[in-house]
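Examination of the molecular architecture
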Amino acid sequence: MTSDPVQNERYVIVGRTAAAIQRSVEHGVVTGALRPGDTVPSVRGLATELGVSPSTVAAAYRELRQRGVLVSYDRSRTVIGHRPPLAVRLGPHVPEGAVDLATGNPDPALLPPLHEPLRAVVPSHHRYGDAIADPALIEHARAAYQHDGLPSDHLAVVGGGLDGIERVLEVYLRVGDRIAVEDPGYPGSLDLVRALGLQPVPIPVDPEGMDPDRLAEAIDRGVDAVLYVPRAQNPTGAAMSRERAAAIAAAIAVDPELLVIEDDHAAPIAGVDYHSPMADRERFAVVRSVAKWLGPGLRLAVLSGDEDTVTRVLGRQRLGTGWVSQLLQQLVVRTWQAAEQQGTLDRARDTYQARRAALIDALAAEDLLADASSGLNAWIPVHEEVPVVQGLAELGWAVQAGEPFRVESRPAIRVTVAGLPSERAPDLARDLGHVLDQRLGSRRG
Ligand SMILES: Cc1ncc(COP(=O)(O)O)c(C=O)c1O
């Protein structure tokens with residue numbers, strides 16, 4: 001995680017111009033010699049090494065940072081982005097035979113079967129000019145939004161949660177704009193924000209979600225957008241209480257035009273009541289991906305927003321991908337309906353809840369604390385992440401180091417509880433206690 005490529009045998013950055021240095025860094029990332037999280041040399045260090053002016057290296061790094069290939073944590077440390085926007089294989093390495101508690105996936109056994117819904121898809125062609133949204137999908141999504149007390153007059157079908165977030169950001173924000181994000185938060189959104197050249201403004205998260213006072217301060221100092229997850233927050237499992245939703249609603253009410261995006265990525269399986277600050281907003285977007293509960297392979301989300309936002313998103317979408325395939329839309333709504341009728345979503349929600357509870361209890365028995373009140377993940381504070389991740393890997397558990405999720409928040413590991421059967425929770429807790437004692441000499445983060 002902290003290897004320095006100048007001293008490290010794996011890769012030496014070369015180049016005499018800013019463009020050549022950029023290409024060299026990108027080549028290192030694409031070939032896997034530079035890995036997400038690896039530290040790159042300081043500007044001065046690399047300039048000396050290459051015999052060029054520091055301003056040449058600084059220009060290369062600035063461009064790479066603006067595109068999200070590099071991330072700077074503070075003045076002293078710049079690393080390869082955790083999801084660099086280059087064609088590389090991503091995701092934490094899961095050692096062979098290890099229990100995968102690292103990749104953030106839903107449990108495949110809890111996803112709805114696709115055979116029947118696939119058979120029910122009407123295999124007809126759609127043409128340019130046809131309606132772009134499947135009426136049954138829109139009706140079903142609208143009913144879900146209405147049930148939750150959210151506006152649903154204007155909906156857009158997009159290619160997943162991050163696609164929806166990106167489309168909304170893209171039609172409002174420009175390079176250099178500031179966006180309040182959760183810290184810790186989902187690296188997919190954090191790195192997307194960076195890759196769009198936006199500046200993340202970290203807002204601390206507690207078990208009830210974003211800190212409303214810190215959000216209010218950030219809005220006061222000037223942000224152009226706010227992005228948060230209302231429940232099943234990734235990585236902490238935070239879920240907004242009614243009071244917190246009201247406090248956030250008050251904080252964002254000072255500017256009715258402020259763009260506020262809610263990433264409700266685990267809606268029916270989050271396992272908590274839903275409270276949202278969005279009910280009466282003028283400028284808003286709520287994005288509901290089906291990835292966590294119908295399957296990550298069904299690249300689809302439904303976005304609800306104010307009229308201006310949805311009009312812009314649909315108009316921009318038309319210029320690019322055009323629309324989401326109607327065949328996929330049909331499959332999604334049929335799978336969704338079947339999953340509701342057959343109780344698949346309730347089963348997934350209850351099972352994840354039981355797995356979270358089992359892990360929290362098992363950790364408590366080892367005098368360890370975790371945050372995990374909703375969703376698929378637990379967040380366990382530790383002093384140092386890498387030795388804990390390595391120690392657990394040696395004992396057959398793949399978990400994630402917290403760094404990609406953090407901006408300023410404290411070290412922790414993320415455990416995807418979705419993949420941990422309740423009966424194995426005591427084994428994991430015992431092994432974690434052992435690793436902490438052996439490697440760090442302390443159980444508390
Ligand atoms: C908070 C959050 N938002 C969005 C996503 C991604 O959603 P999608 O795959 O639909 O882009 C994830 C996936 O882990 C997530 O944790």
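Compared with the 18 Å implied by 1.5 Å per residue over 13 residues, the 18 Å span of helix 3 (residues 54-66) between its first and last C-alpha is a close match. Turning to helix 3, its buried residues are T56, V57, A60, Y61 and L64. An end-on view of helix 3 places all buried positions within 130° of arc, on one side of the element. For helix 3, the secondary structure elements touched by its buried residues are helix 1 (18-30), helix 2 (43-50), strand 1 (70-74) and strand 2 (77-80).

Attention now goes to the sheet that holds strand 14 (residues 400-401). Read from one edge of the open sheet, three strands run 12-15-14, paired in antiparallel fashion. This sheet does not close on itself; its edge strands, each paired only once, are strand 12 (377-381) and strand 14. Of the pairings in the sheet, the one linking strand 14 to strand 15 (residues 412-416) comprises two bridges and is antiparallel in character. Residue pairing across strands places Q400 opposite R414, the latter belonging to strand 15.

Taken as a whole, the protein is organised into domain 1 (18-80), domain 2 (99-109 + 344-440) and domain 3 (126-330). Inter-centroid distance (C-alpha atoms) of domain 1 to domain 2 is 33 Å.

Here we take up the environment of V12. With respect to the helices and strands, the residue V12 is situated in the segment before helix 1. According to the C-beta neighbour criterion, V12 is partly exposed, with 16 such atoms within 10 Å. When the C-alpha positions of V12 and V25 are compared, they lie 8.9 Å apart, and in sequence the two are 13 residues distant.

Attention shifts here to the site of the ligand. Taken together, the neighbourhood of the ligand is formed by 14 residues, with G160, G161, L162, N234 and S289 sitting nearest. Here the residues of the shell around the ligand are counted per class, giving six nonpolar, seven polar and one charged.

Here we have eight strands laid out as an open sheet, ordered 4-11-10-9-8-5-6-7, and mixed in their pairing. Across the chains shown, the open sheet's two edge strands, defined by having one partner strand only, are strand 4 (155-158) and strand 7 (209-210). Strand direction decides the pairing type here: strand 8 (residues 225-228) and strand 9 (residues 259-263), joined by four bridges, are parallel. Bridge pairing in strand 9 links L227 to I261. Contacts from helix 7 (residues 187-195) reach strand 5 (178-183), strand 6 (199-206), strand 8 and strand 9 within the one sheet, and its direction differs from that of strand 5 by about 160°.

Our focus in this paragraph is the environment of R424. Considering the arrangement of structural elements, one finds R424 in the loop between strand 15 and helix 14 (425-440). Separated by 62 residues in the primary sequence, R424 and A362 place their C-alpha atoms 9.5 Å from one another.

Moving residue by residue along a regular strand, the side chains alternate between the two faces of the sheet. Along strand 12, four of the five residues are buried, which leaves the element largely enclosed by surrounding structure. Where strand 12 meets strand 15, five bridges bridge the pair, whose relative direction is antiparallel. For N377, the partnering residue across the bridge sits in strand 15 and is T416.

Helix 7 packs onto helix 6 (residues 161-172) with a crossing angle of 30° between their chain directions and a minimal axis gap of 11 Å. What the angle tells us is that helix 6 and helix 7 run roughly parallel. Our pair here, helix 6 against helix 7, has a crossing hand that is right-handed. The residues of helix 7 that touch helix 6, namely those facing L162, I165 and E166, are G188, S189 and L192. Class assignment for the residues of the contact of helix 6 with helix 7 results in three nonpolar, two polar and one charged.

Time to look at the pairing of strand 6. Sheet analysis places strand 5 next to strand 6, joined by six bridges and oriented parallel. Residue I179 lies in a different strand from strand 6, and its bridge partner there is P200. Read as a crossover between parallel neighbours, the route from strand 5 over helix 7 to strand 6 is right-handed. Counting the residues in the hairpin turn of strand 6 and strand 7 gives two residues.

Cut-offs and rules
- The residue numbering used here restarts from 1 in each chain and proceeds along that chain's sequence as written.
- Reporting of local features is limited, given that this is a predicted model, to residues whose pLDDT is at least 70; pairs of side-chain atoms are given and counted only at 80 or more, and all residues count toward the totals for whole chains, interfaces and linings.
- Strands are runs of DSSP state E lasting at least two residues, helices are runs of H or I lasting at least four, and both sets are numbered from the N terminus onward.
- For a helix, the expected span equals 1.5 Å multiplied by the residue count minus one.
- For the exposure call, what matters is how many other C-beta atoms sit within 10 Å of a residue's own: 20 or more marks it buried, 12 or fewer exposed, and in between partly exposed, using C-beta atoms placed from the backbone.
- In this description, one arc is meant: the one made by directions from the helix axis to the C-beta atoms.
- Here, residues touch in the contact sense if the C-beta positions derived from the backbone fall within 7 Å of one another.
- Pairing between two strands is assigned when DSSP locates at least 2 bridges connecting them.
- Each domain span listed reflects an automatic or database assignment of domains.
- For each residue, a C-beta atom is placed from the backbone, and the residue is labelled near a molecule or strand when this atom is within 6 Å of it.
- Each residue is assigned to one of three groups, with Ala, Val, Leu, Ile, Met, Phe, Trp, Tyr, Cys and Pro labelled nonpolar, Asp, Glu, Lys and Arg labelled charged, and all others, Gly among them, labelled polar.
- Simply put, an axis is a line fit to the C-alpha atoms, just over the touching stretch for a helix, and the angle between two N-to-C directions goes from 0 to 180 degrees.
- In these notes the angle categories are as follows: under 35 degrees is roughly parallel, over 145 is roughly antiparallel, 65 to 115 is roughly perpendicular, and the rest is oblique.
- Should the near helix be turned anticlockwise from the far one by less than a right angle, the crossing is left-handed, and should it be turned clockwise, the crossing is right-handed.
- Throughout, right-handed denotes a crossover for which the path from the first strand over the helix to the second runs clockwise when the strands point away from the viewer.

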